[in-house]
Amino acid sequence: MKTRLYFLLSALLVTATGQAQSPDKKTQLLSQSLPDVAPLLEPKQETGTPELQTRYLKPLSPAQAKELEQLQSMAAQTTHTAAHEDPVAARAAWILGLLYLHGTGVRADAAQARHWFDISYDRGEPMASAGLAWCELQGCGHFPDPSQAEKWIRVLEKIDAPRAHYLTWVSKLQLSPINGKNGMLSNRHLLVSAANSGDVHALIELGIESASLNRTDKALVYFDRAATHSQIAADNAKLIRDRQTQQRAAEQAKKSRPATRADAQTLFKQAQKYHRGEGIPANYNEAVRLYKMAERSGSLEAKRMLNLIFARTQPDGQIDMVWMRQLANADVTGKTPHFNSQSAVKLLHREPTPLYDLLPKLWKPTAATPG
């Protein structure tokens, strides 16, 4: 009797363990795709169209909730009817793809974005080729495929040539990420062509390039042109203007009185901004020049930093760029330099993707929206 009971309990234990260790494939994929948060399980199917999970998302406004429900309803019809062009369904699927790509209103899911881009293009939305090109460049649930991206870029070129030129530049950058001569971007003509036609992303890229070369006035021209359609560009322009104001104030103060300890500290802080990339991209040559000026004005911190910089140089005596990056967060205010664990560095930014500007206004955060 005891033996029979033992085998019965063993069987129950094995069954329970097997169920606990064998979740369905959808749950496994969702768990893997959401690091650092509890996995979101797929909603039950018996209640009709499944509701999107928003547990970890910013709450939707009433207008967004209504729009999302309508998009789901219109797009759901595409899976139950024969394949044919349907502008309404194509538009709904296109917007859903953008929402999933950017994690706006729904949980970010690149594979789902690709799914809706495919449906949208099949139903007659030509701009969906931009989404398919980007997915091939970045990989949306699969490995990137530049050759397939080129195919979609050629389709896109017929309806949005500037964006196609920008995506071509991105593709070439992935294959050869080295900049051209004198710090200029490689394949720059593609960006110039796109920017001349008003492409937001090309304008931002050229603005960042100009800022990195200390051509801040030129950078502002690019950022201001893009600012109408990009909050990122507007923020970049503000950072540049703030930086220019600080520099002018420092230069004016220096002219109005002899060199003092305060001037040395100002020069040292300016050098750190170029070293760390605060407000503008890092420029190590300018940082070293300002460190030397600060040292001559009496800054002990600048002297310590220069000692560190030139303690490890390349064989030809040039600055070691890797070492400079490591020193960017070094604290030299004390006699013994040490490295900070975190750095509150402000950088110039790009849009999340080259498709972000295509999101309807309803789904874009505004400057007044708390972040």
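Before going into details, it helps to say that this report is about the structure given with it. Predicted model only: the values in this text are computed from it and were never measured.

### Examining the packing of aromatic side chains
Enumeration over the complete set of coordinates arrives at four aromatic pairs. Considering the side-chain rings of Tyr 166 and Trp 169, the 5.7 Å spacing of their centres and the 35° angle between planes classify their relative orientation as tilted. In this pair, Tyr 166 and Trp 169 are both assigned in helix α8 (residues 161–175), three residues apart and thus about one turn of the helix distant. Plain terms: the ring middles of Phe 268 and Tyr 291 are 5.8 Å apart, the flat faces sit at 45° to each other, and that makes the pair tilted. A residue pair is termed long-range when its members are at least 10 positions apart, and Phe 268 in helix α13 (residues 261–276) and Tyr 291 in helix α14 (residues 284–296) qualify at 23 residues. Accessibility assignment for this pair places Phe 268 and Tyr 291 in one class, buried.

### So, the environment of Lys 151
Turning to its location among the elements, Lys 151 is positioned in helix α7 (residues 146–157). Judged by its relative accessible area of 35%, Lys 151 is partly exposed. Placed 22 residues apart in sequence, Lys 151 and Ser 129 show a C-alpha to C-alpha distance of 9.2 Å.

### Topic: unusual backbone geometry
Within the chain, Asn 187 stands out as a residue other than glycine whose phi angle is a positive 55°. Topologically, Asn 187 is positioned in the loop between α8 and α9 (188–196).

### Overview of the nonpolar core
In this structure, Leu 99, Phe 117, Phe 223, Tyr 291 and Ile 309 are the most contacted members of the largest nonpolar core, which totals 83 residues. For this core, the element with the most residues is helix α4 (residues 87–102), which contributes nine residues.

### Here's the deal with the packing of α14 against helix α15 (residues 300–309)
Packing of α14 against α15 leaves a shortest axis separation of 8 Å and a crossing angle of 135°. Taken together, the axes of α14 and α15 lie oblique to each other. You can see that α14 and α15 cross each other, and the crossing is left-handed. Side by side, α14 and α15 meet where Val 288, Tyr 291, Lys 292, Ala 294 and Glu 295 of the first sit next to Ala 302, Lys 303, Met 305, Leu 306 and Ile 309 of the second. Per-class residue counts for the contact of α14 with α15 are seven nonpolar, no polar and three charged.

### Points about the packing of helix α6 (residues 128–138) against α7
The geometry of α6 relative to α7 is characterised by a closest axis approach of 8 Å and an angle of 160° between their N-to-C directions. The pairing of α6 with α7 is recorded here as roughly antiparallel in orientation. Between α6 and α7 lies a crossing whose hand is left-handed. Between α6, through Ser 129, Ala 130, Leu 132, Ala 133, Glu 136 and Leu 137, and α7, the contact on the second element is made entirely by Pro 146, Gln 148, Ala 149, Trp 152, Ile 153, Val 155 and Leu 156. Grouping the amino acids of the contact of α6 with α7 by side-chain chemistry returns 10 nonpolar, two polar and one charged.

Rules of the game
Residues numbered from 1 in each chain as written. Predicted model: local features only at pLDDT ≥ 70, side-chain atom pairs only at ≥ 80, totals over all residues. Heavy atoms only, no water. Phe/Tyr/Trp six-rings, centres within 6.5 Å; stacked < 30°, edge-to-face > 60°. Helix = DSSP H or I, 4+ residues; strand = E, 2+ residues; numbered from the N terminus. Buried < 20%, exposed > 50% of the residue type's maximum accessible area, 1.4 Å probe, protein only. Core = buried A, V, L, I, M, F, W, Y, C linked by side-chain atoms within 4.5 Å. Axes fitted to C-alpha atoms, helices over the stretch in contact; angles between N-to-C directions. Parallel < 35°, antiparallel > 145°, perpendicular 65-115°, else oblique. Left-handed = near helix turned anticlockwise from the far one by under 90°. Contact = heavy atoms within 4.5 Å. Nonpolar A, V, L, I, M, F, W, Y, C, P; charged D, E, K, R; others polar.

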